[in-house]
Amino acid sequence: MDFDLPDEHRMIRETVRDFCAEEIEPIAQDIEDEHRFPAEVFDELADLDVMGVPVAEEYGGLGGDYLMYALVAEELGRVSGSIGLSFVAHTSLGAKPIEAFGSEEQKERWLRPLAEGDGLGAWALTEPGSGSDASNMQTTAQREGDGYVLDGTKQFITNASVAESILVKAVTDPEAGYDGISTFVVDPAADDGFSVSTVWDKMGLNASPTCEIQFEDCWVPEERLLGGEGEGWTQTMKTLDGGRISIAALSVGLAQGAFDAAREYAREREQFGHAISKFDAIRDKLVSMDRKIERARLLTQKAATTYDAGGDATRLSSLAKLDASEISREVAEDAVQVLGGYGYTEDFSPQRFYRDAKLMEIGEGTSEIQHAILGDELGL
Amino acid sequence: MKILVTVKEVAEVEDEFEISGDDIAEQYLEYDLNEWDDYAVEEAVQISEEAEDVEVVTATIGPERAEETIRMALAKGADRAVRVWDDDIESASYLDVEAKAELLAAVVEEEDPDLVLTGVQAGDESNGATGVTLAEKIGFEWAAVVNQLDLDIEGGVANVHRELEGGVEELTEVESPAVLTIQSGINEPRYASLRGIRQAQSKPLDVQTLDDIGLDADVLESPLAQTDLYEPESEGDATVWNGDAEETAGQLAEFLRDKGVVEG
């Protein structure tokens, strides 16, 4: 067992950490207040080769592994949940499925711009009436000429309003259940019949757009079908293993950011003649926060390492996502408590981490669904 | 054309620290590329991007630990690196400016660069002398505290702005081969790109011993020895007056009279 990161990974973490501290942290609260997607930050991240970390070099990516990807996601989460979320949705859900299931032509046309950071990726699975249970999917894709016509509504789609491409799940064969779902690449700028109907105001993560999108007689040519007809659900299952690792890493980052703020405050804030970190009540809280973070990080990195080695990572990635998202919310809540009244104000970061962390227990499979997956994995 | 950039890994100290023996206890130290050297590397890399056939080589005196810092310079665009170290250097009691310049001079002799860029100073010891001492030893022209550089490669002339005391700027021509000590602010050092970091892992980083560069341990002998390390007593004292100007101006005047700053 070697728990040391390779030099390359450590250097990449250092560089991303420096960038985040200098360029993102100072605006992290402002972009939330303004509900503004910071396109300029993503341009800079593209210049640093961040936007294609786990995508093969031949398609414009960095060619890194999931361990490297997890480190980058953690560093972004440590300063801004919004930027971290848009980054992992772009990478795990928008770009990686094209690499895994697309044809050579599709990879050149749709993956390359995402990997090189010329545009942001997105994917659309959830619907107003279909969340954890995708068997009730209402969005349809019907054959017409040499293409398909998409109709339906997708809900809570990260990046949809700023995306270069969106991978949309739609039913091509209503009789076939899960085997009747297919994936289509939609071009929001060019495809008639696509529209963004809502950009949600949320409890947190307001610099990362979450959208409701509509398809009305939206025709796409047949070369937009990703993989074969009816393969959409199998693709989804494979995509989510990797996606959970990145949400776990992002959650660890949120927790670390909240912990750092709490530790710094506790060492400086004096009450009753001592720094509050010297009192058991606060010290024990901080120790317990650190313990949870280290545990979740180990689990996340183990899941990433297993995924990179080509092993079955379903159980580990689900465990990591479940644990990291829950401790992230707990640690952020404790950080608010350590800062007391200041922790409840928007002048300090713990409230932001607390708001952002809550989503991690909901997105890409709720905690309840993770329990269901883990039960299956244990043969229960 | 070849540019040699001397780079140093420096220890940075946390706000709170303890002294153990003659040094700051290891757990309070973090190591990073010397700030001024970062600007020197950036300047060299920019020249190599603007002109054809420019090789950028970094030279470091430092232990194995420094390799990550050196690789960061390679990630930002330097082509290869030389690191000088061996057991004799490791056990030297104090590596003074003279010794460092002697070691770097031996590297210069081997590499034969057209231009040597160094940082003005290092953030840890702040002697601010290694670059110029090196120039003297190798007989190169030199200019210190350079905050703007315009290089005429064909003519072998560097037009430099030097920052002098009291905000005075000097414009000088320096003929190559030359040593320029680079001031912070001359450019905006880039972040290493992640691709650069990956590529840096396979760029050449040669480790050379004293023997390899044709020197022996005598060069390390120094008339200087560090005798102590301590935190000076802080003697700062501030008085703050609150209130409107009319009221506080009188109090300030009284205070200045008391202290003998003004008479009357």
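Numbering of residues starts from 1 in each chain and follows the order in which that chain's sequence is written. Going through the entries in the order they are written, you letter the chains from A and number the ligands from 1. The predicted nature of this model means local features are confined to residues of pLDDT at least 70 and side-chain atom pairs, given and counted, to a pLDDT of 80 or more, with totals for whole chains, interfaces and linings taken over all residues. Based on all heavy atoms of the structure, the side-chain values leave hydrogens and waters out of the count.

### Considering the UniProt feature "domain: Acyl-CoA oxidase/dehydrogenase middle" (unreviewed entry) in chain A
- UniProt positions are given in the numbering used here, feature names are shortened, and annotations may be inferred rather than shown by experiment. The sites that UniProt annotates as "domain: Acyl-CoA oxidase/dehydrogenase middle" (unreviewed entry) are residues 122-218 of chain A.
- By definition, any uninterrupted DSSP run of H or I lasting at least four residues is a helix, any uninterrupted run of E lasting at least two residues is a strand, and each is numbered from the N terminus. The span residues 122-218 of chain A shows a helical share of 0% and a strand share of 52%, and its end C-alpha atoms are spaced 17 Å apart.

### Considering the sheet that holds strand 6 (residues 55-61) of chain B
Residues and elements named next belong to chain B.
- When DSSP finds at least two bridges between two strands, those strands are taken to pair. Spatial strand order, 11-10-9-12-8-1-6-7-13: 9 strands in an open sheet with mixed pairing. With one partner strand each, in any of the chains shown, strand 11 (169-175) and strand 13 (205-208) form the two edges of the open sheet. Adjacent strand axes in the sheet meet at a mean angle of 35 degrees when their direction is disregarded.
- As paired elements, strand 10 (residues 157-163) and strand 11 share 7 bridges and run antiparallel to each other. Each bridged residue has a counterpart across the sheet, and for Glu163 the counterpart in strand 11 is Glu169.
- Each of strand 1 (2-6), strand 6, strand 7 (80-84), strand 8 (115-119) and strand 13 touches helix 4 (residues 97-111); the most contacted strand, strand 6, lies at about 150 degrees to it.
- Lying over the sheet, helix 5 (residues 130-138) contacts strand 1, strand 8, strand 9 (141-152) and strand 12 (178-182), oriented at roughly 180 degrees with respect to strand 12. Each axis is a line fitted through C-alpha atoms, and for a helix only the stretch in contact is used; angles between axes span 0 to 180 degrees, taken between their N-to-C directions. By definition, residues are in contact when any of their heavy atoms lie within 4.5 Å.

### So, the pairing of strand 10 of chain B
All names here are of chain B.
- Here 6 bridges tie strand 9 to strand 10, and the two strands are oriented antiparallel to one another. Each residue of the ladder has a partner; that of Gln148, found in strand 10, is His161.
- Linking strand 10 back to strand 11 in an antiparallel pair, the connection comprises 5 residues, with Gly166 at a positive phi of about 70 degrees.

### Comments concerning the interface of chain B and chain A
- Chain B puts 12 residues into the contact, and the matching count from chain A is 25 residues.
- In this description, buried area is defined as the sum, over both parts, of the accessible area (probe of 1.4 Å) that is lost when the two are combined. Roughly 1600 Å² of surface becomes buried between chain B and chain A when both sides are summed, with 57% attributable to carbon and sulfur atoms.
- Per-residue buried area on chain B facing chain A is highest for Tyr191, Leu194 and Arg198 of chain B; these three make up 47% of the total on that side.
- Only one rule defines a salt bridge in this text: a Lys or Arg side-chain nitrogen within 4 Å of an Asp or Glu carboxyl oxygen. Counting the contacts that link chain B with chain A gives 3 salt bridges.
- With a closest N to O distance of 3.9 Å, Asp49 of chain A and Arg195 of chain B form a salt bridge.
- Polar contacts here mean pairs of N or O atoms no more than 3.5 Å apart (in protein, one a potential hydrogen donor and the other a potential acceptor; neighbouring residues in sequence count only if both atoms are side-chain atoms). At the surface where chain B touches chain A, the tally comes to 9 residue pairs in polar contact (both at pLDDT 80 or more).
- At the level of elements, helix 2 (67-75) and helix 6 (194-200) of chain B are the ones that each hand at least two residues to the side of chain B that touches chain A.
- Its residues placed into classes, the side of chain B that touches chain A shows 5 nonpolar, 3 polar and 4 charged. Amino acids outside the nonpolar list (Ala, Val, Leu, Ile, Met, Phe, Trp, Tyr, Cys, Pro) and the charged list (Asp, Glu, Lys, Arg) are all regarded as polar, and Gly is one of them.

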